[in-house]
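Take a look at the letters that make up each chain.
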Amino acid sequence: MVAKTNFVKNLAVSLQRQGKTMTFDQLASTLNANGYPTEYNSPFNGGRGVAKLVHAIWDRLDAQGLIPERDAVAASFTNAVGDYAY
């Protein structure tokens, strides 16, 4: 989970620097393409499962006091219509 968290965190920071966002479905494809499976060792399908992952990563970064990275995660990923999950 640490490697996956770091991957998503770094991706979010990069997206934020570029002023871009990524949908949960796009994040699922990116995770799959980079060899990050779900906790059940299956590919990500997008949607709610990826939203839950993003939320868990947000919680982890918040608990670690990594506020800029936490905020980047919150601002970088959206649902299919571009709405934030929070």
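Preceding this section is the structure that the text describes.
Residues numbered from 1 in each chain as written. Predicted model: local features only at pLDDT ≥ 70, side-chain atom pairs only at ≥ 80, totals over all residues. Heavy atoms only, no water.

Colleague: Help me understand the packing of aromatic side chains, please; the structure alone is not making it clear to me.
Modeller: We describe a pair of aromatic rings using the distance from one ring centre to the other and the angle between the two ring planes. Scanning all chains against the criterion turns up 1 aromatic pair. Taking 4.9 Å as the distance between ring centres and 35° as the angle between the ring planes, the aromatic pair formed by Phe 7 and Tyr 36 counts as tilted. Of this pair, Phe 7 sits in helix 1 (residues 2-18) while Tyr 36 is found in the loop between helix 2 (24-33) and helix 3 (48-63), placing the two residues 29 residues apart along the sequence. Judged by its relative accessible area of 21%, Tyr 36 falls in the partly exposed class. (Phe/Tyr/Trp six-rings, centres within 6.5 Å; stacked < 30°, edge-to-face > 60°. Helix = DSSP H or I, 4+ residues; strand = E, 2+ residues; numbered from the N terminus. Buried < 20%, exposed > 50% of the residue type's maximum accessible area, 1.4 Å probe, protein only.)

Colleague: Looking at this structure, how should I read the nonpolar core?
Modeller: A general tendency of soluble globular proteins is for nonpolar side chains to be buried together. Formed by 20 residues in total, the largest nonpolar core has its most connected members in Leu 27 and Phe 77. Only helix 1, helix 2, helix 3 and helix 4 (67-76) provide two or more residues apiece to this core. At 6 residues, helix 1 tops the list of elements feeding residues into this core. The residues contacting Phe 77, other than those within four sequence positions of it, are Val 8, Leu 11, Ala 12, Leu 15, Met 22, Phe 24, Leu 27, Val 54 and Tyr 84. (Core = buried A, V, L, I, M, F, W, Y, C linked by side-chain atoms within 4.5 Å. Contact = heavy atoms within 4.5 Å.)

Colleague: I would appreciate a short explanation of unusual backbone geometry in the present structure.
Modeller: For residues that are not glycine, phi is negative in most cases, and the peptide bond is trans in most cases. A positive phi is found at Asn 41, a non-glycine position, where the angle reads about 65°. Mapped onto the fold, Asn 41 is located in the loop between helix 2 and helix 3.

Colleague: Is there a simple way to explain the packing of helix 3 against helix 4 in this structure?
Modeller: Between two packed helices, both the angle of their axes relative to each other and the distance between the axes serve to describe the pair. With their axes 8 Å apart at the nearest point, helix 3 and helix 4 run at an angle of 165° to one another. Judged by the angle between their axes, helix 3 and helix 4 are roughly antiparallel. For the element pair helix 3 and helix 4, the recorded crossing hand is left-handed. For the pair helix 3 and helix 4, contact is made by Val 54, Ile 57, Trp 58, Leu 61 and Asp 62 and by Ile 67, Glu 69, Arg 70, Val 73 and Ala 74, respectively. The class makeup of the residues in the contact of helix 3 with helix 4 is 7 nonpolar, no polar and 3 charged. (Axes fitted to C-alpha atoms, helices over the stretch in contact; angles between N-to-C directions. Parallel < 35°, antiparallel > 145°, perpendicular 65-115°, else oblique. Left-handed = near helix turned anticlockwise from the far one by under 90°. Nonpolar A, V, L, I, M, F, W, Y, C, P; charged D, E, K, R; others polar.)

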